[in-house]
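The primary structure of each chain is shown beneath.
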Amino acid sequence: MTTHVGEPPSAAAGLMYGIGLGGFVDGIVLHQILQWHHMVSATADHPVTTVAGLEVNTLADGFFHLFSWFVVLGASIVTLAQWRQGRLPPSWRFHLGGVLAGWGAFNLVEGLVDHQLLGVHHVRDDLGGPLSWDLGFLAFGAALVVTGWLLARSGARSLADRSWAPTPVAGAGAA
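Summarised in this report is the structure supplied together with it.

Reading guide: rules and limits
Residues numbered from 1 in each chain as written. Predicted model: local features only at pLDDT ≥ 70, side-chain atom pairs only at ≥ 80, totals over all residues. Heavy atoms only, no water. Helix = DSSP H or I, 4+ residues; strand = E, 2+ residues; numbered from the N terminus. Buried < 20%, exposed > 50% of the residue type's maximum accessible area, 1.4 Å probe, protein only. Contact = heavy atoms within 4.5 Å. Polar contact = N/O pair within 3.5 Å; in protein donor to acceptor, adjacent residues only side chain to side chain. Axes fitted to C-alpha atoms, helices over the stretch in contact; angles between N-to-C directions. Parallel < 35°, antiparallel > 145°, perpendicular 65-115°, else oblique. Left-handed = near helix turned anticlockwise from the far one by under 90°.

1. Digging into the environment of Asp125
Moving on, step 1. Positionally, Asp125 belongs in the loop between helix H3 (92-117) and helix H4 (131-162).
Moving on, step 2. In this structure Asp125 comes out as partly exposed when scored by relative accessible area, which is 24%.
Moving on, step 3. Sequence spacing of Asp125 and Ser41 is 84 residues, and the spatial spacing of their C-alpha atoms is 7.1 Å.
Moving on, step 4. The contact partners of Asp125, leaving out residues within four places of it in the chain, are Trp36, His37, Ser41 and Ala42.
Moving on, step 5. A polar contact of 2.3 Å, which involves the side chain of Asp125, links it to the side chain of Ser41.
Moving on, step 6. Side-chain polar atoms of Asp125 contact the backbone nitrogen of His122, separated by 3.0 Å.

2. Focus on the packing of helix H1 (residues 12-33) against H3
Moving on, step 1. The interhelical angle for the contact between H1 and H3, taken along N-to-C directions, is 50 degrees, at an axis separation of 6 Å. Relative to H3, the element H1 is oriented oblique. The interaxial crossing formed by H1 with H3 has right-handed handedness. Here Gly14, Leu15, Tyr17, Gly18, Ile19, Gly22, Gly23, Val25 and Asp26 of H1 lie close against H3, whose contacting residues are His95, Gly98, Val99, Ala101, Gly102, Trp103, Phe106 and Glu110.

Have a look at this one:
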């Protein structure tokens, strides 16, 4: 059995929290509160100006939120697994850096895939020229990744200084 007692935590939990929470920010703020777009609001088949189109978009938004919820649940499971392995808890800088980097990665993937490649929606579907908003969204995502990576890296250095390994006590095995 491998042991991780005293080892620094993995970055996986922070990144996963960032991906899931970034999805919630996008869905709650941009989809629901500001109503700038929905998951498939730029498609001609599902316009948000009709009840049927809004129903499809609301359902798609729900599946998007479900995905975000499962990512946060996965991050919680990874966090508990690392804790049970005896790993060191993450420093605030390490964890927050991972969350920011994960959120930025979410924005980059979502912005490139949904906005640019598939064209199923844009940041602002209520405007005639949404490209500048889409590019701003990508720039914000890139800034989050860089900021998060730098913050996590500085936090990882402090974690390396705290790592330890248990030292066997002489004669402890002879009883």
